[in-house]
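Reading the structure
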Amino acid sequence: MAEATANTSGQAPANPSSWGGLVQKVERLISEGRHDQAENIALEALALAEDYPPDDRRTGITLELLCEIYFSTRQYTYAAPVMMRVLQMYRRCLGFNHIDTGTITHNAARLYHEWRKFDEAKAFYELAQRIKSGHLGAEHADVMAIKQQYNQLLYDMRAPRIQIKRAGGGADRMKKTGQWDALPKDALK
């Protein structure tokens, strides 16, 4: 995922107790592998972000960070509703077929694949592949990665549970779009 930073202006770091300061701390803790601490601070940042208007980019960034934490720690029951909320935000703000909606759809596929909820994963992989190939072409590296993971899913659906590999080639991080700036200006207030 592209880094979703709370301070992209090059200015001094944000106040540590502000939303931006909390998000910076969460990103640092994630990079250090301190997911338990990152989760607590991300939840604090989400509490602040919930006071912003619906579909505010800060809420989306915070939800993506929480999803990344839950995915990395394999807490799929927590990650799934957060992922679905992020996906719905992308669909409302950018459209169902936007390339970044395709990235989040792919993340949902990986999440459900890892969780071994194969029917859900299959539907999300197929949708992500359709969205991404419509923008990038069938031979683009991102589309090929989705195809490869989809083929792994099809294998996993037939394989004994002991042989199942992690979706995404062992990558513990989800992809970020980094496109919260692409949201309509009304959603950024």
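Report follows, based on the coordinates. (Residues numbered from 1 in each chain as written. Predicted model: local features only at pLDDT ≥ 70, side-chain atom pairs only at ≥ 80, totals over all residues. Heavy atoms only, no water.)

**Focus: the nonpolar core**
Stated precisely, the cut-off is as follows: To define a nonpolar core, start from buried Ala, Val, Leu, Ile, Met, Phe, Trp, Tyr and Cys residues and group those joined through side-chain atoms within 4.5 Å. Classification of residues uses two cut-offs on accessible area relative to the type maximum, computed with a 1.4 Å probe and protein chains only: under 20% is buried, over 50% is exposed, and between them is partly exposed. Every helix listed is a DSSP run of H or I at least four residues long, and every strand listed is a run of E at least two residues long, numbered separately from the N terminus.
Core analysis: the largest hydrophobic core is formed by 43 residues, its most contacted members being Val26, Ile69, Leu111 and Tyr125. The set of elements that each furnish at least two residues to this core consists of helix H1 (19-31), helix H2 (35-49), helix H3 (57-72), helix H4 (76-94), helix H5 (99-114), helix H6 (118-136) and helix H7 (141-158). The biggest single contributor to this core is H4, with 10 residues.

**Remarks on H6**
In plain terms, the rule: Expected span, for any helix, means 1.5 Å times one less than how many residues it has. We call two residues in contact when some of their heavy atoms are within 4.5 Å.
For H6, built from 19 residues, the straight-helix expectation of 27 Å at 1.5 Å per residue is met to within 8% by its first-to-last C-alpha distance of 26 Å. Turning to H6, its buried residues number three or more, namely Phe118, Ala121, Phe124, Tyr125, Leu127, Ala128, Ile131 and Lys132. Along its buried surface, H6 packs onto H4, H5 and H7. The first or second residue beyond H6 is Gly137, which carries a positive phi of 95°.

**Some words on the side chain of His35**
Note that His35 resides in helix H2. Ignoring any residue separated from it by four or fewer positions in sequence, one finds His35 in contact with Ile30, Ile69, Ser72 and Thr73.

**Focus on the environment of Asp36**
Summarising the element assignment, Asp36 is placed in helix H2. Considered as a pair, Asp36 and Thr73 are 37 residues apart in the sequence and their alpha carbons are 9.0 Å apart.

**Concerning the environment of Glu126**
Structurally, Glu126 is set in helix H6. Among the residues examined, Glu126 registers a relative accessible area of 38% and is labelled partly exposed. C-alpha separation for the pair Glu126 and His106, spaced 20 residues apart in sequence, amounts to 8.9 Å.

**Here we look at the pattern of salt bridges**
Quick note on the threshold: The salt bridge definition used is simple: a Lys or Arg side-chain nitrogen within 4 Å of an Asp or Glu carboxyl oxygen.
This model, assessed by the stated rule, comprises seven salt bridges. One salt bridge in this structure joins Glu32 and Arg34, with 2.6 Å as the shortest N-O distance. Taking relative accessible area as the criterion, Glu32 reaches 42% and is therefore assigned partly exposed.

**Side note on unusual backbone geometry**
Phi angles above zero are rare outside glycine, and Asp55 is one such case at about 65°. As for its placement among the helices and strands, Asp55 is situated in the loop between H2 and H3. In this model, Arg116 sits at a positive phi of 70°, which is unusual for a non-glycine residue. On the secondary structure map, Arg116 appears in the loop between H5 and H6. Take Arg116: its relative accessible area is 34%, and that puts it in the partly exposed class.

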